[in-house]
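Chain by chain, the residues run as shown.
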Amino acid sequence: MALADKQLQYREIITKAVCGKGRKFSTVSHTVTPPHNPTSILGAWIINHQYEAVRSGDGIEVIGTYDINIWYSYSKNSQTEVAKETVSYVENIPLSYVDPKHRATTEEVSADATQEPNCIEANISSSGSSVIIRVEREFAVEMIAETKVTVACIPGGIDDYGKDLEYSLGDDGDFEDLDPDLLDDEV
């Protein structure tokens, strides 16, 4: 029995689904002023990254903190020290897709740091009293909510999980008219 032989009905169901997605890569600069004027930078790294996601307007805000550690020399490279500073940030990530039929009261948001904050450059400022750090980071966010979807239903169901049901793409179902040269070999 072909699928077209049975009368299809449609129903709307409510389900939880990904109703919004977004992604953002950013590069930011921070200025850290150590207790001594640095002579040279020996290392810079970021640790203790913590964040959470909240819904905000048309997007999702990622609110977080991380510690910047700068190992530097001072007094004409005769002594070293590590300067530490905690940085707070708010990253607004727009949603590139939003399901217009989702129920706003059921929204749950999440964020994933696809690239943890990482120091890509550390330079002594022109005044010589501080260090300018460039940090790159990337987040992917999702909004999950209840939404309506429409599904096709077959009255009476499918006996034996559809063993007797034939699926076809048309009346004849053959593909002899296709040009084999148009097939993509790299699929």
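In this report, we go over the structure that sits alongside the text.

Reading the values: rules and limits
Residues numbered from 1 in each chain as written. Predicted model: local features only at pLDDT ≥ 70, side-chain atom pairs only at ≥ 80, totals over all residues. Heavy atoms only, no water. Helix = DSSP H or I, 4+ residues; strand = E, 2+ residues; numbered from the N terminus. Buried < 20%, exposed > 50% of the residue type's maximum accessible area, 1.4 Å probe, protein only. Polar contact = N/O pair within 3.5 Å; in protein donor to acceptor, adjacent residues only side chain to side chain. Contact = heavy atoms within 4.5 Å. Pairing = 2+ DSSP bridges.

1. With respect to the side chain of H102
1) Next: Residue position: H102 is located in the loop between β5 (97-98) and β6 (108-124).
2) Next: On the accessibility criterion, H102 (16% relative accessible area) is buried.
3) Next: Of note is the side chain of H102, whose polar atom sits 2.6 Å from the backbone oxygen of D99.
4) Next: Side chain to side chain, H102 and E107 meet in a polar contact 2.8 Å long.
5) Next: For H102, the residues in contact, after removing those within four places along its chain, are C19, E107, M143, A145, E146 and T147.

2. A closer look at the sheet that holds β6
1) Next: The strand order β5-β1-β7-β6 describes an open sheet built from 4 strands, whose pairing is antiparallel. Two strands close off the open sheet at either side, each with one partner strand: β5 and β6.
2) Next: Where β6 lies against strand β7 (residues 131-153), 13 bridges are found, and the strand directions are antiparallel. The residue bridging A122 from the neighbouring strand is I133, located in β7.

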